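Observations on chain architecture
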Amino acid sequence: MKTLFMECNMGAAGDMLMGALFELLPESGQRTFLDTMNGIFPDKVMLSPVPSEKCGIWGTKMNVVILGQTEEEHGSGQEPHTHEHGAGCEPHTHEHGAGCEPHTHEHGSGRHHHHPLHVSYPEMLAQIDSLPVSDTVKEDAKAVYALIGTAESNAHHTDISQIHFHEVGTLDALMDVVGCCLLLEMLSPEQVVASPIHVGSGSVRCAHGILPVPAPATADILRDVPIYGGAIEGELCTPTGAALLKHFASQFIAMPPMAVEKTGYGMGSKDYPTANCLRAFWGNMSILPVPSPKQLPSSYEAAALAQVPVRETRPDFYTEQFHSLDQILELSCNLDDMSPEAVSYAVGLLLDAGALDVFTTPVYMKKNRPGLLLTCLCNLEEESRFSRLILTHTATRGIRIQPCYRRTLEAQFRKVRTVYGEITVKISTGYGLSKFKPEYEDVAAAAKQCKVPFAKVYDAAMDACRKEY
């Protein structure tokens, strides 16, 4: 399965996404892409890929030259207002009637613009429809602008029809959006996956004042998307970058298992201690090869494989059922100064709070002191809640957080009839497998009532499962 994975450790902006995707194309594809993009507004805009270096890493910085000036040059010298990309209102958009005087915006990618005129949201969609690109690219571009426009209207508590786009800003923003949509059409991945998005921290100044990071529009677009801040101050994810990722990515997880064939680097303009780039990994999540008998470690494994048709299991695990491979977090800490009762209470509290699982493991700590490793499994969005619970109800001063993948079978509960009464059974299915497990409480209650051993009731429930399912 051809997979495109976007690594957003330094956020995302439209030009960074475009630069990373551009590097994935072969040389002939790059020429075709530039010819198409430079034919959109031949007298107004030219797209130019420029080699760029950040912290020793080389990649592509996509420059949009407007009316003979690059985005960084355009509008320099007049700065009645400064706006860092994505702060509250998309740098290429403006709420109708608010602050129509010309002003300069500073984007997270280092762009500057002088914006004298505006284009309404319906006019923006009409402009996209008139572009010499495929219908697929047009529909994708309009969907991205719909996300941006909706976020802006929510941020300003106004109708989307009242959102206006600055005329000059529209050109370079349109090149970013359409360029990314065209590149994805040319690459044609079977799935697009992105990492959780680093949005930055602190605040940014815009024409409307000082706003927190992520800005309201960006935060609105990234609802239900895993994001995180960090030590880097500034706005790392722009509304354009957020909207492109939200539209195209099917999942936001750590990098999945894949055979990487090519890597693209899209560079930003600003310099940070960390390389300011977005990486795009192009690779294949293919069906694993069937091992030959010589590769099998034992005749037992060969016999086991012979009982399960390979065509029924391996495609399930590595292609069709990929989305069942989900990401969770493992929170862990070492404990050596708590009583067993206190540890037991903390474990029960975490389970009652909805943790996926909680368990302890005996360990030896400094100076060979016996202790316990407490491990709590939870969903990505629940990390802060369970971290706080662990810090509050245990003696630890720190928590290790490790992302991990899990593959699960689908579970359902059914009742089966036995000579000892009805017993609830958990049935787990998937990948051509079926598993049965009688519920402890029902088995224990029936054994006690019928005055028979626990094992007899359990075996009767298992026999009923085999006959019925």
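The structure displayed is predicted, hence computed values, not measured ones. (Residues numbered from 1 in each chain as written. Predicted model: local features only at pLDDT ≥ 70, side-chain atom pairs only at ≥ 80, totals over all residues. Heavy atoms only, no water.)

Some points on the overall build of the protein
Put simply, the rule reads: Strands here mean DSSP runs of E at least two residues long; helices mean DSSP runs of H or I at least four residues long; both are numbered from the N terminus. Each residue gets one of three labels from its accessible area relative to the maximum for its type: buried under 20%, exposed over 50%, partly exposed in between, using a 1.4 Å probe on protein chains only. Pairs of residues are marked as contacts when any of their non-hydrogen atoms sit within 4.5 Å. Surface accessibility in these figures is a Shrake-Rupley result with a 1.4 Å probe; residues are shielded only by whichever protein chains are displayed.
Looking only at helices and strands, the protein has 13 helices and 26 strands in total. Counting over 469 residues, the protein shows a buried share of 48%. Of all intrachain contacts in the protein linking residues separated by at least 6 positions in sequence, the fraction that spans at least 24 positions is 69%. Accessible surface for the protein amounts to roughly 22,700 Å². Of this, 53% is attributable to carbon and sulfur atoms.

A few points about the pattern of salt bridges
To keep it simple, the criterion reads: Salt bridges are defined as contacts in which a side-chain nitrogen from Lys or Arg sits within 4 Å of a carboxyl oxygen from Asp or Glu.
Summed over the entire model, instances satisfying the criterion amount to 13 salt bridges. The residue Glu-139 makes a salt bridge to Lys-142 at a minimum N-O spacing of 3.2 Å. Residue Glu-139 and its partner Lys-142 are located together in helix α4 (residues 135-156), separated by three residues, close to a single helical turn. Using a relative accessible area of 18% as the deciding quantity, one classes Lys-142 as buried. Sharing partners across several salt bridges, the network here consists of Asp-129, Glu-139 and Lys-142.

Brief notes about the environment of Asp-224
When you line up the elements, Asp-224 lands in the loop between α6 (216-221) and β15 (227-228). Look at Asp-224 and you get exposed, because its relative accessible area is 82%. Separated by 22 residues in sequence, Asp-224 and Lys-246 place their C-alpha atoms 9.6 Å apart.

What about the state of the cysteines?
Rules: Criterion for a disulfide: a pair of cysteine sulfur atoms at a distance within 2.5 Å.
Within this structure, the stated rule accounts for zero disulfides. Cysteine Cys-8 remains unbridged, with the sulfur of Cys-237 as its closest cysteine sulfur at 7.4 Å. Of all cysteine sulfurs in the structure, the one in Cys-181 sits closest to Cys-180, which takes part in no disulfide; the separation is 7.0 Å. Residue Cys-180 is classed as buried on the basis of its relative accessible area of 1%.

Observations regarding the layout of surface pockets
For clarity, the threshold we go by: Note on definitions: the grid is 1 Å and covers protein atoms alone; a cavity is a set of points where a 1.4 Å probe fits but cannot get out; a pocket is an open set with protein on both sides within 12 Å along at least five of seven lines; lining residues have an atom within 4 Å of a point. Grid points are joined across faces, edges and corners, and a volume is the space filled by probe spheres set on the points.
Taken as a whole, the largest pocket spans an internal volume of roughly 320 Å³. Residue lining of the largest pocket: 13 residues in total, with Ile-227, Tyr-228, Leu-329, Leu-380 and Glu-383 positioned closest to the centre.

With respect to unusual backbone geometry
Residue Pro-214 is reached from Val-213 by a cis peptide bond, and omega for that bond is 0 degrees. Note that Pro-214 resides in the loop between β14 (209-212) and α6. A positive phi angle, near 70 degrees, is found at Asp-224, a position not held by glycine. Positive phi outside glycine occurs at Asn-368, with the angle close to 60 degrees. Mapped onto the elements, Asn-368 comes out in the loop between β21 (357-364) and β22 (370-378).

Describing the packing of aromatic side chains
Heads up, the rule is: Aromatic pairs are defined between Phe, Tyr and Trp rings, using the six-membered ring for Trp, whenever the two ring centres lie within 6.5 Å; interplanar angles under 30 degrees are classed as stacked, those over 60 as edge-to-face, and all others as tilted.
Taken as a whole and judged by the stated rule, the model has four aromatic pairs. Between the aromatic rings of Phe-5 and Phe-281, the centroid separation amounts to 6.2 Å while the plane-to-plane angle is 40 degrees, which identifies the pairing as tilted. Here Phe-5 is found in strand β1 (residues 2-7), whereas its partner Phe-281 is found in strand β19 (residues 277-284), with 276 residues between them in sequence. An identical accessibility class is assigned to Phe-5 and Phe-281; each is buried.

Structural notes on the packing of helix α12 (residues 440-450) against helix α13 (residues 454-468)
We count it as follows: Think of each axis as a best-fit line through the C-alpha atoms, taken over the contacting stretch in the case of a helix, with angles from 0 to 180 degrees between the N-to-C directions. When an angle is under 35 degrees it counts as roughly parallel; over 145 it counts as roughly antiparallel; between 65 and 115 it counts as roughly perpendicular; any other value is oblique. A crossing counts as left-handed when the near helix is turned anticlockwise from the far one by less than a right angle, and as right-handed when that turn is clockwise.
The geometry of α12 relative to α13 is characterised by a closest axis approach of 8 Å and an angle of 125 degrees between their N-to-C directions. As summarised for this structure, α12 and α13 are arranged oblique, according to the angle between their axes. In this structure, α12 meets α13 at a crossing whose hand is right-handed. Along its contact with α12, which presents Tyr-440, Val-443, Ala-444, Ala-446 and Ala-447, the element α13 presents Phe-454, Val-457 and Tyr-458.

A look at the environment of Ala-280
Position of Ala-280 among the secondary structure elements: in strand β19. Sequence separation between Ala-280 and Glu-7 is 273 residues; the distance between their C-alpha atoms is 6.2 Å. Non-local contacts of Ala-280, meaning those with residues more than four positions away in its chain, are made with Leu-4, Phe-5, Met-6, Ala-20, Leu-24, Lys-262, Thr-263 and Gly-264.

Focus on empty space enclosed by the protein
Scanning the entire structure with this criterion turns up five cavities of 30 Å³ or more. Size it by volume and the largest cavity reaches roughly 90 Å³. The wall of the largest cavity is formed by Leu-4, Met-6, Leu-17, Leu-21, Cys-180, Leu-184, Val-192, Leu-244, Leu-245 and Phe-248. For the lining of the largest cavity, the elements supplying multiple residues, two or more each, are β1, α1 (14-24), α5 (167-187) and α7 (239-248). The leading source of residues in the lining of the largest cavity is α7, at three residues.

Some thoughts on α1
Among the 11 residues in α1, 11 count as buried, and that is most of the element. For α1, the full list of buried residues reads Gly-14, Asp-15, Met-16, Leu-17, Met-18, Gly-19, Ala-20, Leu-21, Phe-22, Glu-23 and Leu-24.

Things to note about the pairing of strand β2 (residues 45-54)
What counts, and what does not: Two strands pair under a simple rule: DSSP has to find at least two bridges between them.
Pairing geometry for β2 and strand β3 (residues 57-66), over 10 bridges, is antiparallel. Looking at the pairing, Ser-52 lines up with Gly-59 of β3. Following β2, the chain reverses through two residues before pairing antiparallel with β3; Cys-55 in that reversal takes a positive phi of roughly 55 degrees.

Read these as geometric descriptors, not functional statements.
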